[in-house]
Amino acid sequence: MTAHDIAQDYLKTGRLAALPDGHFIDGKTTQPSNRKMESFDPGRAEAFAEFSLGEETDMDLAIASAETAARHWRQVTPGERCRILNNVARLFRENADRLSVIEVVDSGKTLAEAQGDIQSSARLFEYYAGAADKLDGRSVNLGPAYTAFTVREPVGVTGHIIPWNYPTSTFARGVAPALAAGCSVVAKPAETTPFTALVMAELLCEAGVPAGLVNVVTGLGADIGARMARDPRIKQLTFTGSVSTGINVAQMAAPNVTRLTLELGGKSPLIAFSDADPEKVADGAYWAIFSNSGQICSAGSRLIMHKAIRDDVLAILGERAKSIRTAHGLTAPDMGAINSELHLSRIKAHVEAAKGRGAHLLTGGDVTVDTDTGKGWFFQPTVIADLEPDDPAVQEEIFGPVLSVQNFDTEDEAIQLANGTEFGLIASVYTQDVGRAMRVASAMDCGQVSINDYWAGGLELPFGGNKKSGYGREKGWEGLDAYTKVKSITISNAS
Ligand code: NAD
């Protein structure tokens, strides 16, 4: 069945066929638990399926299974790991239609966005398949008395706590390098988006990943996520989510000195100078904040503009924002739903507070519904103009389709505004002046900068934050560092 057929069937019946409802442990789907939780379709605000609420014993079994499998996997030749990971990429593509519709219904995003996520998940497996047989150490020259070299060894069992905004690609960007490096995996998807990780785990086994190497336990973060974070058998924990939960996870992992990668969101700036083309700036800002309904850690949620182009950019951007069609992700809207009712209420609270402070709203500012059905959890595309640097709408991550606009006169002021939050994930600079672009890029306290484009770059580049956006890097060659440990070996050449 094509994505269109699966989507039509779902829109008619409100059900998706053959969804897993147990955990995936030791190469098979477990019996569904007695404790279940409903999963909601955000585009309809209706439950469409149930999944198992994991308990500590489920997490314990999954970690035990991963520990046994890791011992075997590290002996598998790099060439064989490469072959299996390429198989995974192929199977993801073959199952892209089903996976992408499940992702839309579980997360609220649009079908086009979900299809992009599945393709990038397949690419992540291809990229790291190519790395599996190139994880070489280096030879070190200590003079004639010694021969010295380094080797990169797998860290062992790795834990992955996944957020709800990119359930498939966040799963893939942690699991693919972990497997390439010779590690095993226990993953815990977010409680509002449990299904694609389970389906992907099934596909991984079908592709030849040995039983036990990748396990998925569904349920509440405070129960099984915390159980994972505290377990000494987990040797690397990769967490993506909020700052407060990230700090909590780091504290739970600290007694075991567990390695940690934290990807905690941001308040990323798009800085536009007076020589930038207003059309291009407005287009960049539009995609930076309204993609995935603004629920992106690296969303361009602050537009910092030179006063000379402010009016032109806001005129274009305001018109485009007003014309956005928000509707169920399977009906080809411009923008999909907000992932949960709870999160919708958080976005609303941020915007209501801004209104209460007398904020100048150019457009949007309230919750809405799918106008075709009158249902769903949606938020209007919102632009708040002319904000002061200390305004909460500038300082706090809203994680929705809400753009905060700031204005400047000088380059120094632009840099100060851009770096003036507790986050430091990505930044973008629009200018015709190469020297200025490079000066500003180098002054940005963040992990990634793009010039004259907001979403430039790709999975080949390392991604991650500074300051409260977290630490460690995912994607790119650097994405392998978390999953390998370096050992130095020195041989005496004496006879
Ligand atoms: P969260 O940080 O609470 O959840 C992220 C993941 O952590 C989920 O899998 C969750 O089950 C798990 N988790 C929750 N409590 C845990 C615990 N005590 N121990 C271990 N794991 C735990 O995020 P949220 O409540 O879903 O969203 C809140 C805010 O987080 C959002 O408003 C947004 O600002 C931010 N967020 C950021 C990202 C990102 O990509 N950086 C993704 C999702 C949410």
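Data block above holds the structure.
Residues numbered from 1 in each chain as written. Predicted model: local features only at pLDDT ≥ 70, side-chain atom pairs only at ≥ 80, totals over all residues. Heavy atoms only, no water.

Q: In this structure, what is going on with the overall build of the protein chain? I would like to understand it.
A: A tally of helices and strands in the protein chain yields 15 helices and 24 strands. Against the globule reference of 23 Å for 495 residues, the protein chain gives a C-alpha radius of gyration of 23 Å, in line with a compact fold. Taking the principal axes of its C-alpha atoms as reference, the protein chain extends roughly 75 × 65 × 40 Å. Per-residue burial over the protein chain gives 57% buried out of 495 residues. Excluding contacts between residues fewer than 6 apart, the proportion of contacts in the protein chain whose partners are at least 24 apart in sequence is 74%. Accessible surface computed for the protein chain: about 19100 Å², of which carbon and sulfur atoms make up 52%. In the protein chain, 46 positive and 61 negative side-chain charges are present, and the distance between their average locations comes to 5 Å. (Helix = DSSP H or I, 4+ residues; strand = E, 2+ residues; numbered from the N terminus. Rg over C-alpha atoms; globule rule 2.2 N^0.38 Å. Buried < 20%, exposed > 50% of the residue type's maximum accessible area, 1.4 Å probe, protein only. Contact = heavy atoms within 4.5 Å. Areas by Shrake-Rupley, 256 points an atom, 1.4 Å probe, with all protein chains shown as cover. Lys, Arg positive; Asp, Glu negative; His and termini not counted. Charge placed at Lys NZ, Arg CZ, Asp CG, Glu CD.)

Q: I'm lost on the state of the cysteines in this one. Help?
A: Disulfide: a covalent bond connecting the sulfur atoms of a pair of cysteines. Considering all chains together, one arrives at 0 disulfides under this definition. Cys 82 provides the cysteine sulfur closest to Cys 183, a residue in no disulfide bond, and the two sulfurs are 17 Å apart. Residue class for Cys 183 comes out buried when judged on its relative accessible area of 0%. (Disulfide = S-S within 2.5 Å.)

Q: I would appreciate a short explanation of the nonpolar core in the present structure.
A: The nonpolar side chains of a soluble globular protein tend to be buried, and buried together. Core analysis: the largest hydrophobic core is formed by 69 residues, its most contacted members being Leu 16, Phe 125, Phe 171, Leu 179, Leu 204 and Val 214. Looking at which element gives the most residues to this core, the answer is helix 5 (residues 111-132), with 11 residues. Contacts of Val 214, omitting those with residues within four sequence positions, involve Phe 24, Phe 171, Val 175, Leu 179, Val 185, Ala 201, Leu 204 and Val 209. In terms of nonpolar packing, the next biggest core, distinct from the first, is built from 35 residues, Val 281, Ala 288, Leu 303 and Phe 463 among them. (Core = buried A, V, L, I, M, F, W, Y, C linked by side-chain atoms within 4.5 Å.)

Q: Looking at this structure, how should I read the sheet that holds strand 5 (residues 139-140)?
A: Adjacent strands of a sheet form backbone hydrogen bonds with each other and so pair up, either parallel or antiparallel. Spatially, the 3 strands line up as an open sheet ordered 5-6-24, and their pairing is antiparallel. Strands at the two margins of the open sheet, each flanked by one partner only, are strand 5 and strand 24 (484-492). Bridging between strand 6 (residues 146-154) and strand 24 involves 9 bridges; their strand directions are antiparallel. Across the sheet, the residue bridging to Arg 152 is Val 486, located in strand 24. (Pairing = 2+ DSSP bridges.)

Q: Sorry if this is basic, but what is going on with the side chain of His 343 here?
A: Among the secondary structure elements, His 343 is positioned in helix 12 (residues 341-356). What His 343 contacts, discounting residues up to four positions off in sequence, is Trp 164, Gln 295, Ile 338, Ile 398 and Phe 399.

Q: Just checking my understanding: could you explain the sheet that holds strand 18 (residues 402-408) for this structure?
A: Taken in spatial order, the 7 strands of this open sheet run 14-17-18-13-12-20-21, and their pairing is mixed. In this open sheet, the two strands that pair with only one neighbour each are strand 14 (360-363) and strand 21 (448-451). Adjacent strand axes in the sheet meet at a mean angle of 25° when their direction is disregarded. Helix 10 (residues 278-290) contacts strand 12 (269-272), strand 13 (302-306), strand 17 (382-385), strand 18 and strand 20 (426-430) of the sheet and is inclined by roughly 175° relative to strand 12. (Axes fitted to C-alpha atoms, helices over the stretch in contact; angles between N-to-C directions.)

Q: Please clarify how the environment of Pro 269 should be interpreted in this entry.
A: By secondary structure assignment, the location of Pro 269 is in strand 12. Residue Pro 269 is classed as buried on the basis of its relative accessible area of 4%. In contact with Pro 269, not counting residues within four places along its chain, are Arg 302, Ile 304, Ala 418, Ile 426, Ala 427, Ser 428 and Tyr 454.

Q: How should I be thinking about the site of the ligand in this particular structure?
A: Looking at the ligand, there are 29 residues lining it, with Ile 162, Trp 164, Glu 191, Ser 242 and Glu 397 nearest. In the environment of the ligand, an oxygen atom lies 2.9 Å from a nitrogen or oxygen atom belonging to the side chain of Lys 188. Isolated, the ligand exposes 820 Å² of accessible area, and the fraction of that covered by the protein chains is 87%. Looking at the shell around the ligand, the elements that each hand over two or more residues are helix 8 (221-230), strand 10 (236-240), helix 9 (243-253) and helix 12. Its residues assigned to classes, the shell around the ligand shows 14 nonpolar, 10 polar and 5 charged. (Near = heavy atom within 4 Å. Polar contact = N/O pair within 3.5 Å; in protein donor to acceptor, adjacent residues only side chain to side chain. Nonpolar A, V, L, I, M, F, W, Y, C, P; charged D, E, K, R; others polar.)

Q: Explain unusual backbone geometry to me, please; I cannot follow it from the model alone.
A: The phi torsion of most residues other than glycine is negative, and most of the peptide bonds are trans. Not every positive phi belongs to a glycine, and Asp 26 is a case in point at roughly 60°. Locating Asp 26 in the fold gives a position in the loop between strand 1 (24-25) and strand 2 (28-29). You can call Asp 26 partly exposed: its relative accessible area is 37%. A positive phi is found at Val 257, a non-glycine position, where the angle reads about 50°. If you trace the backbone, Val 257 turns up in the loop between helix 9 and strand 11 (259-263).

The values are spatial; any link to function lies outside them.
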